[in-house]
Amino acid sequence: MALMQSLLSFSSSSSSSGLKMSTLKSVTDLIPTHNLPNWLTHDDLSPGPKIHGTKLRVAHLGVPGSYSEAAAGKAYPNSVPLPCKQFEAAFEAVELRIADRAVVPVENSLGGSIHENYDLLLRHRLHIVGEVLLRVRHSLLALPGVRKEHLRRVLSHPQALSQCEHTLTSQMGPNVRREAFDSTAGAAEFVAANNLRDTAAIASAHAAELYGLQVLEDGMEDDSGNLTRFLILAREPFIPRTGRRFKTSIVFAGNDREGPGVLFKVLSAFGLRNIGLTKIESRPHRSRPIRVLDVAEDDILRTAKYFEYIFYVDFEASMAEVRAQNALAEVQEFTSFLRVLGSYPMDI
Ligand SMILES: O=C(O)C(=O)Cc1ccccc1
């Protein structure tokens, strides 16, 4: 890319000096030694924190101080964060080339899966190129001078509220309302900007510093090992390799022939090849929520109704491995659609 840019800038400067392209025999004719393009370096070619010579722009949920911003910074320390109001805006930012990557949470050790992002993975055409595990420590934040007994309301992202549910009840009693906010850091900013003395936010200690709030209580999460897994999304896939620990994420729906047996068949395609599964998630099949099947029971034909699902599976292998390719070839026989969402290095 550096070479391309240098050539492009060179050709425009050469035309201004009056050289006509038609008179040139080759590009080397054009390059006077004092204007040689820079050498291509490893940095120009490897997917690192720089793209096109500028810093990588990483879209994430929430204003500065959000956990998604922290995950984006962990994945790409020298990147430019691009705060988004909703998860979908982060997906769109990458699609529209406003951002180079999006970092979105998909599961948490306490709150479980973040279904919205599973649905967005299916609706958008981005590739998973990596994952980040982040230890999430929640704090109860309020304006300076406010005490716990003044509080009537706690604002935060629904994920954070659910991760602190028991601690909130035991510390604040039943009379404190929980209200959902776009992001944890957004809730902290809102409390500060509106001078709310009866309202606290659940957010990071970093958000407290940014918005001038005090930490009333640390470690609000219901379990001290609270961990969130984020996915890194890009327009182009990561080229899978062998020799490094890779994960592959797929999504599929069963075909008309298989009925409720599809999941067993798909999982055995991996099991028989010794490929470990790290995650399975199901979501309702929106365009075909119910399937009606005729089943014989005691020689009587009855009609059975099943919910139809879309399944998301993560397995521990790279798409560069033959056993993974064979497993997917087999899975394809049982499915009406199958998409590889990405094959990417594991965060270990
Ligand atoms: O609201 C945030 O700060 C987020 O990034 C979403 C979130 C909330 C709780 C845990 C992980 C991510």
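Just so we're clear, the structure is a prediction, and the values are computed from it rather than from any experiment.

Thresholds applied
Residues numbered from 1 in each chain as written. Predicted model: local features only at pLDDT ≥ 70, side-chain atom pairs only at ≥ 80, totals over all residues. Heavy atoms only, no water. UniProt positions renumbered as here; feature names shortened; annotations may be inferred. Helix = DSSP H or I, 4+ residues; strand = E, 2+ residues; numbered from the N terminus. Near = heavy atom within 4 Å. Polar contact = N/O pair within 3.5 Å; in protein donor to acceptor, adjacent residues only side chain to side chain. Areas by Shrake-Rupley, 256 points an atom, 1.4 Å probe, with all protein chains shown as cover. 1 Å grid on protein atoms, 1.4 Å probe; cavity = no way out; pocket = protein on both sides within 12 Å on 5 of 7 lines; lining within 4 Å. Sits in = over half its atoms within 2 Å of the grid points. Phe/Tyr/Trp six-rings, centres within 6.5 Å; stacked < 30°, edge-to-face > 60°. Buried < 20%, exposed > 50% of the residue type's maximum accessible area, 1.4 Å probe, protein only. Pairing = 2+ DSSP bridges. Axes fitted to C-alpha atoms, helices over the stretch in contact; angles between N-to-C directions. Contact = heavy atoms within 4.5 Å. Core = buried A, V, L, I, M, F, W, Y, C linked by side-chain atoms within 4.5 Å. Expected span 1.5 Å × (residues − 1). Arc of directions from axis to C-beta.

Enquirer: Which residues make up the UniProt feature "domain: Prephenate dehydratase" (unreviewed entry) in the protein, and what values go with them?
Expert: If you check UniProt for "domain: Prephenate dehydratase" (unreviewed entry), the listed places come out as residues 57-235 in our numbering. Segment residues 57-235 splits into 32% helix and 32% strand. End C-alpha atoms: 13 Å apart.

Enquirer: Outline the site of the ligand, supporting the account with residue identities and numerical values.
Expert: Around the ligand sit Leu61, Ser66, Tyr67, Ser68, His157, Gln159, Ala160, Gln163, Ser183, Thr184 and Thr228, and that is every residue in its neighbourhood. Within the backbone of tyrosine 67, a nitrogen or oxygen atom sits 2.9 Å from an oxygen atom of the ligand. Interatomic distance of 2.5 Å between a side-chain N/O atom of threonine 184 and an oxygen atom of the ligand. Relative to its unbound accessible area of 320 Å², the ligand is 100% covered by the protein chains. One can see that the ligand is located within the largest cavity.

Enquirer: Hey, could you go over the packing of aromatic side chains for me, with residue numbers and the actual values?
Expert: Summed over all chains, the structure comprises six aromatic pairs. Ring plane angle 35° and centroid distance 5.6 Å describe the contact between phenylalanine 252 and phenylalanine 311, whose orientation is recorded as tilted. On the criterion of sequence distance, the pair formed by phenylalanine 252 in strand 14 (residues 246-254) and phenylalanine 311 in strand 18 (residues 309-315) is long-range, its members being 59 residues apart. Classification of phenylalanine 311 by relative accessible area gives buried; the value is 11%. Through successive ring pairs, a cluster of aromatic residues spans Phe252, Tyr309 and Phe311.

Enquirer: Can you explain the sheet that holds strand 15 (residues 277-284)? Please cite residues and give values.
Expert: Spatially, four strands are ordered 15-18-14-19 in an open sheet, and the strand pairing comes out antiparallel. Only two strands of the sheet have a single partner each, and these edge strands are strand 15 and strand 19 (335-345). Taking the axes of each pair of neighbouring strands and ignoring which way they run, one obtains an average angle of 15° across the sheet. Pairing analysis gives six bridges linking strand 14 to strand 18, with the strands arranged antiparallel. Paired with alanine 253 across the two strands is isoleucine 310, which belongs to strand 18. The sheet strands contacting helix 6 (residues 115-123) are strand 14, strand 15, strand 18 and strand 19, and the helix crosses strand 15 at an angle near 85°.

Enquirer: An account of the nonpolar core is needed here, citing residue identities and associated values.
Expert: Of all hydrophobic cores here, the largest spans 28 residues; its most connected members are Leu140, Val154, Leu168, Ala188 and Ile202. Of all elements in the fold, only strand 8 (139-142), strand 9 (153-156), helix 7 (158-163), helix 8 (165-172), helix 9 (184-193), strand 11 (199-203) and helix 10 (205-211) reach the threshold of two or more residues within this core. Core analysis: the next-biggest nonpolar cluster, separate from the first, contains 26 residues, Ala59, Phe91, Ala99 and Leu233 among them.

Enquirer: Can you break down helix 12 (residues 322-334) residue by residue, with the values?
Expert: Counted at 1.5 Å a residue, the expected span for helix 12 with its 13 residues is 18 Å, and the 19 Å between its end C-alpha atoms agrees. Where helix 12 is concerned, the buried positions are Ala324, Ala327, Leu328, Val331 and Phe334. With its buried residues spanning 100° around the axis, helix 12 presents them on a single face. Turned more than 90 degrees away from the buried face of helix 12 sit Val322, Gln332 and Glu333, all of them exposed. In the core, the buried residues of helix 12 are packed alongside strand 14, helix 11 (262-271), strand 18 and strand 19.

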